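An overview of the molecular structure
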Amino acid sequence: MTKTNTTELLQSFLVVGWHECISLPEMGLHDFAVKVDTGAKTTALHAENIETFQKDGEKWVRFTAPSPTGATGQTCEFPVHTKRAITNTSGTPETRIVIRTPMVLAGRRWKIDISLTDRGNMRFPLILGRRALRNRNILVHPGKSYLVSDKPVFEGSDR
């Protein structure tokens, strides 16, 4: 591949930083700081008080989602998309509830799968895994942050 072809190819990609802000509009989360983690297959959101219930004959989940500002979280309800065996950060497999919801990144909107788990001891309540980025012409710059979004006032805790 020539240098010209490489340049043309790269121009067709959106380059994001390893920290960015996204929106999950159906959760009411806007300009939410996330870690873009290509080492993680699945996107994971910190959720508390996770409980399943039946609604109109389907399985749903209710949980408390974090607030972008660190304030008290809000209760969300979504249909259960699936349950999936996911290896956590300690390398231990666990079964997690997965929901599907729209995400907005750099003005682009598409649906992603999000697993619900306890990320209370992590700096970022949400990691954006590689499945959410697949087939979207997105490259991650590992040395830069907030290339397509403004750095938020609140960016996780200092853990």
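Higher on the page you've got the structure.
Summary of the structure given here.

1. Notes on the overall build of the protein
Counting its secondary structure elements, the protein contains two helices and 12 strands. Of the roughly 9,000 Å² of accessible surface on the protein, 46% is carried by carbon and sulfur atoms.

2. Topic: the nonpolar core
Leu24, Met27, Phe63 and Leu128 are the most contacted members of the largest nonpolar core, which totals 30 residues. Sequence-distant contacts of methionine 27, that is, excluding residues within four places in its chain, are made with Leu45, Phe63, Ala65, Gln74, Cys76, Phe78, Ile99, Thr101 and Ile114.

3. Thoughts on the environment of valine 16
Structurally, valine 16 is set in strand E1 (residues 14-17). On the basis of relative accessible area, valine 16 is assigned to the buried category, the value being 1%. Separated by 20 residues in sequence, valine 16 and valine 36 have C-alpha atoms that sit 8.5 Å apart. Those residues in contact with valine 16 that sit more than four places away from it in its chain are Leu105, Ile138, Leu139, Val140, His141, Leu147 and Val148.

4. As for the side chain of aspartate 37
Within the secondary structure, aspartate 37 sits in strand E3 (residues 29-37). In this structure aspartate 37 is buried but unpaired, with lysine 35 as the nearest side chain of opposite charge at 4.2 Å. Not counting residues up to four positions away in its chain, the partners in contact with aspartate 37 are Ile127, Leu128, Gly129 and Arg130.

Criteria and thresholds
Residues numbered from 1 in each chain as written. Predicted model: local features only at pLDDT ≥ 70, side-chain atom pairs only at ≥ 80, totals over all residues. Heavy atoms only, no water. Helix = DSSP H or I, 4+ residues; strand = E, 2+ residues; numbered from the N terminus. Areas by Shrake-Rupley, 256 points an atom, 1.4 Å probe, with all protein chains shown as cover. Core = buried A, V, L, I, M, F, W, Y, C linked by side-chain atoms within 4.5 Å. Buried < 20%, exposed > 50% of the residue type's maximum accessible area, 1.4 Å probe, protein only. Contact = heavy atoms within 4.5 Å. Lys, Arg positive; Asp, Glu negative; His and termini not counted. Salt bridge = Lys/Arg side-chain N within 4 Å of Asp/Glu carboxyl O.

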